[in-house]
Amino acid sequence: MSADLQLIHGFHAIESRLRRRSEAVREIYLDASRHDRRAQGLLALAQAHHVKVVLVDTKRLDTLTNQARHQGVAARAEVLIMPTDIEDVLDALTEPPFLLILDGVTDPHNLGACLRVADAMGVHAVLAPKDRAVGLNATVAKVASGAADSVPYLMVTNLARAMRDLKARGIWLIGADEHGDQQLYGANLQGSLAWVLGAEGEGMRRLTRENCDILVRIPMLGSVASLNVSVSAGICLSEVRRQRMVADSVKTP
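Everything quoted here is computed from the prediction, not taken from an experiment. (Residues numbered from 1 in each chain as written. Predicted model: local features only at pLDDT ≥ 70, side-chain atom pairs only at ≥ 80, totals over all residues. Heavy atoms only, no water.)

Okay, the overall build of the protein chain next. Across its full length, the protein chain carries nine helices and 11 strands. For the protein chain, the C-alpha radius of gyration of 20 Å lies close to 18 Å, the compact-globule estimate for 253 residues. Along the three orthogonal principal directions, the C-alpha set of the protein chain runs to about 55 × 45 × 35 Å. For the protein chain, the accessible area works out to roughly 12800 Å², and carbon and sulfur atoms hold 50% of it. (Helix = DSSP H or I, 4+ residues; strand = E, 2+ residues; numbered from the N terminus. Rg over C-alpha atoms; globule rule 2.2 N^0.38 Å. Areas by Shrake-Rupley, 256 points an atom, 1.4 Å probe, with all protein chains shown as cover.)

A few words now on helix α1 (residues 11–21). Listing the buried residues of α1 in full gives F11, A13, I14, E15, S16, R17 and L18. Buried residues in α1 make contact with β1 (5–9), β2 (25–31), α2 (37–48), β4 (73–78) and α6 (138–144). (Buried < 20%, exposed > 50% of the residue type's maximum accessible area, 1.4 Å probe, protein only. Contact = heavy atoms within 4.5 Å.)

With that settled, consider the environment of V134. Counting through the fold element by element, V134 comes out in the loop between β6 (125–129) and α6. C-alpha separation for the pair V134 and D177, spaced 43 residues apart in sequence, amounts to 22 Å.

On to the nonpolar core. Burial of nonpolar side chains together is a common tendency in soluble globular proteins. Core analysis: the biggest nonpolar cluster contains 37 residues, and L100, L102, L115, V126, W195 and L237 have the highest contact counts within it. Contributing elements (two or more residues each) for this core: β5 (98–103), α5 (108–120), β6, α6, β8 (172–176), β10 (193–198), β11 (214–217) and α9 (229–251). If we skip the residues at most four places from it in the chain, L102 touches L111, C114, V126, L127, A128, P129, L197 and V229. Ranked by size, the runner-up nonpolar core spans 19 residues in total, among them I86, L127, L159 and L166. (Core = buried A, V, L, I, M, F, W, Y, C linked by side-chain atoms within 4.5 Å.)

Judged by how many residues are buried, β2 sits mostly within the fold: six of seven residues are covered. The sheet contact formed by β2 and β4 spans five bridges and is antiparallel. Counted as the bridge partner of L30 is V73 from β4. When β2 meets strand β3 (residues 52–56), the two strands line up parallel, connected through five bridges. (Pairing = 2+ DSSP bridges.)

Let's shift gears to the pattern of salt bridges. Overall, the coordinates contain 17 salt bridges when judged by the stated rule. A salt bridge links E87 to R169, with the nearest nitrogen and oxygen atoms 2.3 Å apart. Highlighted residues: E87 in helix α4 (residues 86–91) and R169 in the loop between α7 (159–168) and β8, separated in sequence by 82 residues. R209 is paired through a salt bridge with D177; the nearest N and O atoms lie 3.1 Å apart. Here R209, found in helix α8 (residues 206–210), pairs with D177, found in the loop between β8 and β9 (182–183); they are 32 residues apart in sequence, far enough to count as distant. Under the relative-accessibility criterion, R209 is labelled partly exposed at 28%. Several salt bridges converge on common partners, so that one network encompasses R21, E23, R26 and E78. (Salt bridge = Lys/Arg side-chain N within 4 Å of Asp/Glu carboxyl O.)

Summarising the element assignment, S232 is placed in helix α9. Not counting residues within four places of it along the chain, the set of residues in contact with S232 comprises L197, I218 and L227.

Across the sheet, seven strands lie side by side as β7-β6-β5-β10-β8-β11-β9; this open sheet has parallel pairing. The outermost strands of the open sheet, each flanked by one partner alone, are β7 (153–156) and β9. With six bridges connecting them, β5 and β10 associate as parallel partners. Looking across to β10, one finds that L102 is bridged to L197. Against the sheet, α5 makes contact with β5, β6 and β7, and its axis sits at roughly 170° relative to β5, the strand it touches most. On the sheet, α7 packs against β5, β6, β7, β8 and β10 and is oriented at approximately 160° with respect to β5. (Axes fitted to C-alpha atoms, helices over the stretch in contact; angles between N-to-C directions.)

Laid out in structure tokens, this is it:
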């Protein structure tokens, strides 16, 4: 496959790409045995955007996707050109920056879910270190259900330095930590900020934690000891969005 092309799979990922950038989709491969409503909907969408659909057997799809859970569909598409530098993202904003920093998230399903919730909550970009994180791949794109095409995912060489640069731009770094001094629902989450989350179990690395301005804990009222990183991200990001919506409603006469 050409260096400027990638293989994506799963209905959500392909439908999202067709709606956002149909011209970037070169060819779709659909399981010939699928005649259900989902498959017919994809065929209609592809036809509306004049994208070729090739009917293939399951074995061909398994080979194309390296045995991934493809749902019976895959596509060859151009690699989307997204911002590669956080400065480009920040300079283009007309509202206070809202970022997510992930330290140690190596599972593609977790990353895909984090991107999905980041998209839903209006996060401007997700940052991660190059040395301890999963990159964007077909599994991430499938789980993200289109969010990998809308939320910039920026991998940096030195996460601690990147965090210091964000602080220099006036962005408040809030780490999610079970031993945080503040409780989530009592924290002021207004203004420019970035949530910093580590992977379940290991959490944030020491230097990452030390570069946070404050550490905030999610109240745990049940019997479980920890949450999946994507679940934690959903809770933390939604509280920021809630506080911003409340603040906006107060400003509106």
